[in-house]
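Results of the structural survey
If you want the building blocks of each chain, they are given just below.
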2 protein chains.
Amino acid sequence: MIRTVDLIERKRDGGALRDEEIYALIDAYTRGDVPDYQMSALLMTIYLKGFSGAELAAWTDAMLRSGEVLDLSSIPGVKVDKHSTGGVGDKISLPLAPLVAACGVPVPMVSGRGLGHTGGTLDKLESIPGFSTQQPVERFIELVATIGLGLIGQTAEIAPADKKLYALRDVTGTVPSIPLITSSIMSKKLAEGIDGLVLDVKVGSGAFMKTEADARALAEAMVGVGQRMGRRVVALLTNMDQPLGRAVGNALEVRESIDILKGCGPEDTTALTLGLAYTMLDMAAKPTTDVDKALSDGRGLAKFAEIIEAQGGDPRVIDDPNRLPTARYKRDFLAPRDGYISAIDAQGVGLAALVLGAGRATKEEDIDPAVGLMLHKRLGDKVKAGEPILTLEHNDRGVDDALHRLTAAYTLSDEAPPAAKPLFIDRIGG
Amino acid sequence: MIRTVDLIERKRDGGALRDEEIYALIDAYTRGDVPDYQMSALLMTIYLKGFSGAELAAWTDAMLRSGEVLDLSSIPGVKVDKHSTGGVGDKISLPLAPLVAACGVPVPMVSGRGLGHTGGTLDKLESIPGFSTQQPVERFIELVATIGLGLIGQTAEIAPADKKLYALRDVTGTVPSIPLITSSIMSKKLAEGIDGLVLDVKVGSGAFMKTEADARALAEAMVGVGQRMGRRVVALLTNMDQPLGRAVGNALEVRESIDILKGCGPEDTTALTLGLAYTMLDMAAKPTTDVDKALSDGRGLAKFAEIIEAQGGDPRVIDDPNRLPTARYKRDFLAPRDGYISAIDAQGVGLAALVLGAGRATKEEDIDPAVGLMLHKRLGDKVKAGEPILTLEHNDRGVDDALHRLTAAYTLSDEAPPAAKPLFIDRIGG
């Protein structure tokens with residue numbers, strides 16, 4: 001019989017929890033046998049004292065085992081997924097999953113919704129008319145087996161401990177803890193039954209991790225957990241000092257995703273898609289040159305059309321993106337003076353899109369799939385007073401608030417700023 | 001509107017809470033408007049990050065104001081109480097309060113019950129036939145006004161925030177925190193409406209604070225809070241490397257208290273009673289020589305008889321201690337070998353008395369007022385194999401368990417140990 005208070009006291013005093021204690025605790029908490037007031041005290045000790053690698057692996061595995069673990073062993077090949085820690089304009093999952101699947105690597109992708117300044121893959125996919133991300137688990141497995149990918153949302157059966165713990169962390173000041181973030185992400189991802197995982201860990205003004213040191217620590221923790229759990233895990237640290245690509249907003253980002261697969265996407269989102277695809281193919285021991293072929297011969301685009309149709313969506317959006325929802329109004333955000341764009345608060349840009357209706361501040365809010373921002377200028381670009389920096393595509397909601405936030409988010413200077421940081425910062429693991 | 005999660009995050013990150021935030025939080029928590037799971041996370045940040053002097057004073061004052069604050073302003077003179085952090089055989093309140101009252105210093109004393117290895121003043125008083133520690137507040141004030149002292153238990157109206165917080169700390173690993181202990185003690189004591197407080201902070205194997213550094217930190221925190229709240233507070237650090245005096249157990253300790261007031265008590269408990277009485281008289285600006293007079297001319301003993309009678313007890317126990325409950329059986333605990341008593345685990349001795357029935361392991365247990373231990377040997381004494389170290393006075397319950405614990409608690413050595421540490425270690429404040 002493990003007394004929860006003994007575990008709290010041990011962590012408080014800098015000691016470590018044993019594997020069997022962690023499994024018993026998470027199991028009891030999921031069943032409601034450990035009260036929230038004890039778990040919140042323990043979470044605070046974890047926040048302030050950290051976890052050893054062994055503790056983190058056991059905690060993650062216990063959360064993973066708190067619910068259903070998908071069995072994809074009937075599908076041949078190395079199943080690989082990608083997870084991003086979230087950024088502004090980060091639509092990479094949409095072109096990436098079909099491109100990698102087109103190369104013969106199965107991609108079982110379970111994604112989340114947007115919250116706060118970052119968008120969510122599910123919201124973007126659902127802006128495609130008819131597209132359903134709510135597929136039964138059997139259908140999801142069938143999609144991966146037949147088409148090579150499936151794109152669904154988290155089910156209630158996957159890692160229920162994480163759902164309960166996340167709600168508690170949200171109200172007890174224990175969200176931004178590297179071990180707790182790591183276990184939350186890794187328990188859900190590894191419950192998908194994948195063999196490998198590529199992590200895109202964002203660093204910068206639009207990321208949850210504002211410094212490279214924090215992002216590196218998170219990446220190392222996630223890679224370490226993957227290794228201890230016998231999975232292939234690689235993390236790329238990538239820059240998020242400005243929004244990714246040109247589009248911020250759900251249907252607008254689908255359009256950009258189609259452009260990427262047509263070979264005419266923005267430079268940065270195309271490069272990030274390819275970089276992540278190479279890493280995933282490498283993990284599955286396939287030649288990375290397959291990626292370039294699948295992009296240039298249109299197989300990636302065809303795979304995207306195939307999965308859209310299979311999940312109930314209208315595949316004609318590929319050839320005719322105007323079938324996607326479109327906002328009624330456009331309004332330019334103009335440069336207030338001559339100068340160089342020397343800094344962009346990407347989180348502020350994300351919040352500007354949110355107030356137009358592209359995102360949600362609380363879980364209950366509905367989103368407007370059509371609205372968002374189309375960016376014309378990037379960090380370091382020279383602008384003239386009155387020149388459009390970006391265009392708001394809106395439905396007459398939140399415009400003043402958005403313009404106010406954008407004015408604060410863009411810094412103009414007289415001198416040309418130093419060159420922007422490279423997109424790819426480092427690679428950890430593998 | 002203060003969001004509790006903001007306060008948790010600020011403490012977590014090493015910041016400080018403002019006075020008005022602390023008052024609002026304690027008020028909301030007492031009313032049930034802050035959930036336990038948020039308070040427990042905050043308590044853990046306080047445990048691990050501490051409190052500034054200003055935060056601690058505000059937290060203590062907010063707890064004090066969560067309930068009734070006694071108004072003793074109608075009673076002339078400097079009202080002084082004593083509080084001990086708890087030890088084994090610590091019956092000092094019983095002789096001390098009447099002795100100081102006999103010198104003309106009013107002593108409004110609100111005491112607690114025993115829990116774990118330490119006894120409680122209320123349990124000891126209630127071993128006197130008829131004695132009631134449950135007096136209405138009006139009667140308590142009348143006792144202090146007319147007799148010069150009152151001896152009662154905590155009422156539900158005094159510092160209800162402490163009652164609720166203590167229960168939560170008990171199950172969340174946040175009990176042994178110096179700021180939380182300080183605020184708990186000081187809020188209750190200062191709610192008595194006293195002008196001054198003498199603290200007896202115990203150090204050693206029988207105390208909650210095992211090291212002098214911890215005891216000193218606790219003493220300094222309590223004196224600091226008193227100063228910020230405009231009260232006279234002095235702390236004496238005193239040794240608790242062995243049980244105090246000869247008796248451990250409720251009625252047995254009443255007998256020893258009577259002996260002290262008759263001038264024939266053990267050397268250490270007599271010295272401690274006098275030392276604390278001098279400090280209390282000094283605080284009330286009275287000559288300390290009054291204490292010696294009140295002891296030698298029997299006024300302290302008469303005052304004890306007077307308060308026993310006023311609170312419903314049988315004052316004939318003073319002249320005839322055999323009217324106190326007496327255990328049916330005696331059993332000697334014998335020295336297993338020749339040697340010197342080189343160490344005593346006083347906590348183990350307290351637990352031996354507890355298992356005989358003198359104390360309670362949980363709040364719900366009843367105690368047996370008659371049972372306990374009479375100690376014949378002290379630290380450093382030379383003993384012969386088979387010589388009684390102490391005598392168990394018992395009612396045929398827990399004897400084997402007690403003997404087992406005593407065997408572990410006493411260490412005998414061939415060489416004479418160094419001289420025992422002095423009883424009075426230091427004085428802080430005043």
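No experiment lies behind these values; they were computed from the predicted model shown.

1. Some thoughts on the overall build of chain A
Assigned secondary structure in chain A consists of 16 helices and 13 strands. Once the C-alpha set of chain A is aligned to its principal axes, its extents read approximately 70 × 45 × 35 Å. Out of the 430 residues in chain A, the part that is buried amounts to 58%. Considering only contacts within chain A whose residues lie at least 6 apart along the sequence, 78% involve residues at least 24 apart. Put simply, chain A shows about 16300 Å² of open surface, and 50% of that area lies on carbon and sulfur atoms. Within chain A, the 59 negative side-chain charges are centred at a point lying 1 Å from the centre of the 48 positive side-chain charges.

2. So, the domain arrangement of chain A
All names here are of chain A. Each assigned domain of chain A is listed with its residue range as follows: domain 1 (4-50), domain 2 (80-155 + 173-320) and domain 3 (328-413). Between domain 1 and domain 2, the C-alpha centre-to-centre distance is 33 Å. Taken together, the connections running from domain 1 to domain 2 amount to zero salt bridges. Scanning the region where domain 1 abuts domain 2 turns up zero residue pairs in polar contact (both at pLDDT 80 or more).

3. So, the packing of helix H2 (residues 19-31) of chain A against helix H4 (residues 53-64) of chain A
All names here are of chain A. In contact at an axis separation of 9 Å, H2 and H4 are set at 30 degrees when each is read in the N-to-C sense. By the angle between their axes, H2 is roughly parallel relative to H4. For the element pair H2 and H4, the recorded crossing hand is right-handed. Only Ala 54, Glu 55, Ala 58, Trp 59, Asp 61, Ala 62 and Met 63 of H4 make contact with H2, whose side of the interface consists of Asp 19, Ile 22, Tyr 23, Leu 25 and Ile 26.

4. As for the relation of the copies chain B and chain A
Once chain B is rotated about the relating axis by 179 degrees and shifted along it by 0.1 Å, it coincides with chain A to within an RMSD of 0.1 Å. Expressed as a symmetry operation, the mapping of one chain copy onto the other fits a two-fold axis. Closest to the rotation axis within chain B is the C-alpha of Tyr 37 of chain B, separated from it by 1.8 Å. Comparing interface residues between copies, 100% of those in chain B also sit at the interface in chain A, which points to an isologous, same-surface contact.

5. Remarks on the pairing of strand E3 (residues 149-153) of chain A
Residue and element names in this part refer to chain A. Extensive coverage of E3 is indicated by the burial of five of its five residues. Along E3, one buried face is formed by Leu 149, Leu 151 and Gly 153 and the opposite face, lined by Gly 150 and Ile 152, is buried too. Here strand E2 (residues 107-111) runs beside E3; their pairing, made up of five bridges, is parallel. Residue pairing in the sheet places Pro 108 in a bridge with Gly 150 of E3.

6. Structural notes on the interface of chain B and chain A
Residue-level contacts link 22 residues of chain B with 22 residues of chain A. Buried surface at the junction of chain B and chain A, summed over both partners, amounts to about 1600 Å²; 71% is from carbon and sulfur atoms. The three residues of chain B that bury the most area against chain A are Arg 12, Tyr 37 and Leu 48 of chain B, which together make up 35% of that side's buried surface. Remark: the boundary between chain B and chain A carries zero salt bridges. Remark: the boundary between chain B and chain A carries nine residue pairs in polar contact (both at pLDDT 80 or more). Elements represented by at least two residues in the side of chain B that touches chain A include exactly helix H1 (4-12), helix H3 (36-49) and helix H8 (160-171) of chain B. With ten residues, the single largest contributor to the side of chain B that touches chain A is H3 of chain B.

7. Focus: the side chain of Asp 81 of chain B
All names here are of chain B. Structurally, Asp 81 can be placed in strand E1 (residues 80-84). At 2.7 Å, the side chain of Asp 81 forms a polar contact with the side chain of Lys 189. Not counting residues up to four positions away in its chain, the partners in contact with Asp 81 are Val 107, Pro 108, Met 109, Val 110, Lys 189, Glu 192, Ile 194, Gly 196, Leu 197, Val 198 and Met 280.

8. Describing H8 of chain B
Residues and elements named next belong to chain B. Relative to the 16 Å expected for twelve residues at 1.5 Å per residue, H8 spans 18 Å between its end C-alpha atoms, a close match to the ideal helical length. Where H8 is concerned, the buried positions are Ala 161, Asp 162, Leu 165, Leu 168 and Arg 169. Projected onto a plane normal to the axis of H8, the buried residues spread over an arc of 130 degrees and lie on a single side. Once H8 ends, the next one or two residues include Gly 173, with phi positive near 65 degrees.

9. Concerning the sheet that holds strand E6 (residues 247-248) of chain B
All names here are of chain B. Spatial ordering of the open sheet is given by E6-E9-E11-E7, a layout of four strands whose pairing is antiparallel. Of all strands in the sheet, those with a lone pairing partner are E6 and strand E7 (329-334), marking the two edges. Across six bridges, the pairing between E7 and strand E11 (residues 388-394) is antiparallel. Across the sheet, the residue bridging to Arg 331 is Leu 392, located in E11. In this fold helix H15 (residues 346-358) packs onto E6, strand E9 (372-375) and E11, with an angle of close to 135 degrees to the strand it touches most, E9. Running at roughly 155 degrees to E11, helix H16 (residues 399-409) makes contact with E7, E9 and E11 of the sheet.

10. Some points on the packing of helix H5 (residues 93-102) of chain A against helix H12 (residues 267-283) of chain A
Residue and element names in this part refer to chain A. Two numbers describe how H5 lies on H12: the axes approach to 10 Å, and their chain directions differ by 40 degrees. By the angle between their axes, H5 is oblique relative to H12. Pair H5 / H12 crosses with right-handed handedness. Together, Pro 95, Leu 96, Leu 99 and Val 100 of H5 and Thr 273, Leu 274, Leu 276, Ala 277, Met 280 and Leu 281 of H12 make up the contact between the two elements. Taken together, the residues that form the contact of H5 with H12 break down as nine nonpolar, one polar and no charged.

11. A word on the side chain of Lys 79 of chain B
All names here are of chain B. Secondary-structure assignment places Lys 79 in the loop between helix H4 (53-64) and E1. Judged by relative accessible area, which is 5%, Lys 79 ranks as buried. Not counting chain neighbours up to four residues away, the residues in contact with Lys 79 comprise Leu 72, Ser 73, Pro 106, Pro 108, Ile 194, Asp 195 and Gly 196.

12. Considerations on the packing of aromatic side chains
By convention here, two paired aromatic rings are described through the distance between centres and the angle between planes. Residue and element names in this part refer to chain A. Per the counting criterion, the structure on display carries four aromatic pairs over all chains. With a centroid separation of 5.9 Å and an interplanar angle of 50 degrees, the aromatic rings of Phe 333 and Tyr 410 are classed as tilted. Of the two residues, Phe 333 sits in strand E7 (residues 329-334) while Tyr 410 sits in strand E12 (residues 410-413), which places them 77 residues apart along the sequence. With respect to class, Phe 333 is no different from Tyr 410; both count as buried. Positioned over the ring face of Tyr 29 is Lys 164, at 4.4 Å from the centre of the ring.

Here is what the cut-offs are and how they apply
- Residues numbered from 1 in each chain as written.
- Chains lettered and ligands numbered in written order.
- Predicted model: local features only at pLDDT ≥ 70, side-chain atom pairs only at ≥ 80, totals over all residues.
- Heavy atoms only, no water.
- Helix = DSSP H or I, 4+ residues; strand = E, 2+ residues; numbered from the N terminus.
- Buried < 20%, exposed > 50% of the residue type's maximum accessible area, 1.4 Å probe, protein only.
- Contact = heavy atoms within 4.5 Å.
- Areas by Shrake-Rupley, 256 points an atom, 1.4 Å probe, with all protein chains shown as cover.
- Lys, Arg positive; Asp, Glu negative; His and termini not counted.
- Charge placed at Lys NZ, Arg CZ, Asp CG, Glu CD.
- Domains from an automatic or database assignment.
- Salt bridge = Lys/Arg side-chain N within 4 Å of Asp/Glu carboxyl O.
- Polar contact = N/O pair within 3.5 Å; in protein donor to acceptor, adjacent residues only side chain to side chain.
- Axes fitted to C-alpha atoms, helices over the stretch in contact; angles between N-to-C directions.
- Parallel < 35°, antiparallel > 145°, perpendicular 65-115°, else oblique.
- Left-handed = near helix turned anticlockwise from the far one by under 90°.
- Least-squares fit on C-alpha atoms with pLDDT ≥ 70 in both.
- Pairing = 2+ DSSP bridges.
- Buried area = accessible area lost by both parts, 1.4 Å probe.
- Expected span 1.5 Å × (residues − 1).
- Arc of directions from axis to C-beta.
- Nonpolar A, V, L, I, M, F, W, Y, C, P; charged D, E, K, R; others polar.
- Phe/Tyr/Trp six-rings, centres within 6.5 Å; stacked < 30°, edge-to-face > 60°.
- Lys NZ or Arg CZ within 6 Å of the ring centre and 35° of its normal.

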